[in-house]
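The residues making up each chain are set out below.
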Amino acid sequence: QMMPPEQATQLEEGSTSPDVLWDIYGLGASIYYLLSKKLPRLSDAALHELGSVAQTAEKLSRYRRTLNEQPLVPIRKYCPQLKPELEALLHACLELDPRRRPQSAADLLLDFERCQQGLPLICRRPWTLGYRVHTFVRRNLAPLLIGALFLGAGGFVAGERWTEQRRMQARGDFEHGLTRLHEG
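**With respect to the packing of helix 3 (residues 44-51) against helix 4 (residues 56-69)**
Thinking step 1. Contact geometry of helix 3 with helix 4 gives a least axis separation of 10 Å together with a crossing angle of 165°. Here helix 3 is positioned roughly antiparallel relative to helix 4, judged by the angle of their axes. Considering how the two elements wind past one another, helix 3 and helix 4 form a crossing that is right-handed. Each of Ala46, Glu49 and Leu50 in helix 3 lies in contact with helix 4, whose residues at this interface are Lys59, Arg62, Tyr63 and Thr66.
Thinking step 2. The residue inventory of the contact of helix 3 with helix 4, partitioned by class, reads three nonpolar, one polar and three charged.

Structure representation (structure tokens):
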């Protein structure tokens, strides 16, 4: 119940040549289960249906079909405190297309380290502008806030000076008008 669809296909066909990508999927499925108490893409009804099938080939076929038909429920639905980057990494492990999963344990570890450093994840490529801006802001939040504070303070001071200059000019114009009125 934690095997990737390509493994089910090979078992159904009677040939098995193990692949590290099976382990990546299995690790993702195990973590998903530990966080949610649910199997990825397998509802309780689907599990009951699979349990009622006696023949292995039919069970594997239904399992593969169920994985392909059911969307993956975002893990943050069950574990909202999980960082979006960790969710993305977990979901990358659970990709149905093995070419879209991290290709090795080293790739997985690299993305995990990038997650801790606030860098864009390799598994999220191609990186959209929004994703790159989001990771930049998360990584540089304190300097950005300090910069915004200084810009805001500078804008306030400049605005106050401009207002004072306009007030002084208006006062000067008023006094000049009074002087002309008294003279005339």
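Next comes the rest of the write-up.
**What about the environment of Arg138?**
Thinking step 1. Counting through the fold element by element, Arg138 comes out in helix 7 (residues 129-139).
Thinking step 2. Here Arg138 falls in the partly exposed class, since its relative accessible area comes to 40%.
Thinking step 3. Separated by 24 residues in the primary sequence, Arg138 and Arg114 place their C-alpha atoms 13 Å from one another.

**Focus on the layout of surface pockets**
Thinking step 1. Of the voids in this model, the largest pocket is the one considered here, and its volume is about 330 Å³.
Thinking step 2. Lining the largest pocket are 17 residues, with Ala92, Arg100, Ile122, Cys123 and Arg124 sitting closest to its centre.
Thinking step 3. Grouping the constituent residues of the lining of the largest pocket by class yields seven nonpolar, two polar and eight charged.
Thinking step 4. When its volume is computed, the second largest pocket comes out at roughly 230 Å³.
Thinking step 5. What lines the second largest pocket is Leu27, Gly28, Ile31, Leu35, Leu82, Leu86, Leu89, Leu90, Cys93, Leu108 and Phe112.

Calculation criteria
- Residues numbered from 1 in each chain as written.
- Predicted model: local features only at pLDDT ≥ 70, side-chain atom pairs only at ≥ 80, totals over all residues.
- Heavy atoms only, no water.
- Axes fitted to C-alpha atoms, helices over the stretch in contact; angles between N-to-C directions.
- Helix = DSSP H or I, 4+ residues; strand = E, 2+ residues; numbered from the N terminus.
- Parallel < 35°, antiparallel > 145°, perpendicular 65-115°, else oblique.
- Left-handed = near helix turned anticlockwise from the far one by under 90°.
- Contact = heavy atoms within 4.5 Å.
- Nonpolar A, V, L, I, M, F, W, Y, C, P; charged D, E, K, R; others polar.
- Buried < 20%, exposed > 50% of the residue type's maximum accessible area, 1.4 Å probe, protein only.
- 1 Å grid on protein atoms, 1.4 Å probe; cavity = no way out; pocket = protein on both sides within 12 Å on 5 of 7 lines; lining within 4 Å.
- Points joined across faces, edges and corners; volume = space filled by probe spheres on them.

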